[in-house]
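Fold and contact review
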Amino acid sequence: IMMLKLDFLPLSWLLGTWESDEPGEGTFPTIKPFRYTEKLHFSHVGQPVINFTFNAFHAESNKPLHRECGFIRIEPGTNKVAFIIAQNSGLVEIEEGELTGNQLKLQSQSLGRISFAKEPHVQQIGRVLQLRPDGKLEQTVSMATDNQPLTQHLYITYSRSS
Ligand code: HEM
């Protein structure tokens, strides 16, 4: 019998596939507000790690837009969580934070980007993922750029689809 050491168990409520039920809202002081849909997938392969993909689409045209994928680790025996993320825009990031109940609050710890990343560059990211009492998953993302302080960029809710 294979012994599984599933350190991510406190986050097992994330596992599976989630789809936005209503379009998410994208905002930032420097851009035109937009709406998007998004599909999230969280899985594991028996390692103490969650694998994830987030795929976002334009709400009206369904055109693929933003994509992220990565890994989630929990420091064993603690509520300290780390996200290791790659984004299709050329950004990579480590976010760390804490799990409190069903709420995960994360702050970027380090950011890296390709040499020809579009400006303005992101300087900081804050993210809250929470499982609401009604069973929906909610995500808000804030960011600071070269010319804007930490401000909300995304708000979206998802329903479990499998
Ligand atoms: C704009 C970063 C997720 C859609 C931007 C800008 C930045 C950015 C830096 C430019 C802001 C400016 O010009 O001042 C990020 C980061 C994300 C993220 C760090 C994740 C952590 C998303 C997602 C979508 C999205 C999930 C969903 C479709 C857009 C759109 C714009 C934008 C439509 C405006 C047009 C454009 O600049 O392409 N984002 N974004 N972003 N973002 Fe995001």
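Everything here concerns the structure above.
Notes on the structure in this doc start here. The model shown is predicted, which means the values in this text are computed figures rather than measured ones.

**Focus on unusual backbone geometry**
The linkage connecting Glu 119 with the following residue, Pro 120, adopts the cis geometry, with an omega of 0°. Among the structural elements, Pro 120 can be located in the loop between β8 (103–113) and β9 (122–131).

**Re the pattern of salt bridges**
Inspection of every chain in the model, using the stated rule, returns 9 salt bridges. Asp 21 is the partner of Lys 136 in a salt bridge, and the nearest nitrogen-oxygen pair spans 2.7 Å. In this pair, Lys 136 is assigned in the loop between β9 and β10 (137–145) and Asp 21 in the loop between β1 (16–20) and β2 (24–26), connecting sequence segments 115 residues apart. Judged by relative accessible area, Asp 21 falls into the partly exposed class, the value being 31%. Ionic pairing is found between Glu 95 and Arg 127, a salt bridge with its closest N-O pair at 3.1 Å. Taken as a pair, Glu 95 in strand β7 (residues 91–100) and Arg 127 in strand β9 lie far apart in primary sequence, 32 residues in all. Like Arg 127, Glu 95 is buried. Members of the salt-bridge network, linked through shared partners, are Glu 68, Glu 93, Glu 95 and Arg 127.

**Thoughts on the coordination of the iron atom of the ligand**
The protein supplies the iron atom of the ligand with one donor atom, His 153 (NE2), which lies at 2.2 Å. Here His 153 lies in strand β11 (residues 148–160).

**Considering the site of the ligand**
Neighbouring the ligand are 20 residues, the closest being Thr 30, Phe 34, Gln 87, Met 143 and His 153. Note that an oxygen atom of the ligand is positioned 2.5 Å from one of the side-chain N or O atoms of Thr 30. The contact in question runs from a nitrogen atom of the ligand to an N or O atom on the side chain of His 153, over 3.0 Å. Using a 2 Å cut-off from the grid points, one finds that the ligand occupies the largest pocket. For the shell around the ligand, the secondary structure elements donating two or more residues are β3 (34–43), β5 (64–74), β9, β10 and β11. Residue composition of the shell around the ligand, by class: 13 nonpolar, 4 polar and 3 charged.

How each quantity is defined
- Residues numbered from 1 in each chain as written.
- Predicted model: local features only at pLDDT ≥ 70, side-chain atom pairs only at ≥ 80, totals over all residues.
- Heavy atoms only, no water.
- Helix = DSSP H or I, 4+ residues; strand = E, 2+ residues; numbered from the N terminus.
- Salt bridge = Lys/Arg side-chain N within 4 Å of Asp/Glu carboxyl O.
- Buried < 20%, exposed > 50% of the residue type's maximum accessible area, 1.4 Å probe, protein only.
- Donors = N, O, S within 2.8 Å, 3.2 Å for Na, K, Ca; no water.
- Near = heavy atom within 4 Å.
- Polar contact = N/O pair within 3.5 Å; in protein donor to acceptor, adjacent residues only side chain to side chain.
- 1 Å grid on protein atoms, 1.4 Å probe; cavity = no way out; pocket = protein on both sides within 12 Å on 5 of 7 lines; lining within 4 Å.
- Sits in = over half its atoms within 2 Å of the grid points.
- Nonpolar A, V, L, I, M, F, W, Y, C, P; charged D, E, K, R; others polar.

Function-wise, these values are silent; they only describe arrangement.
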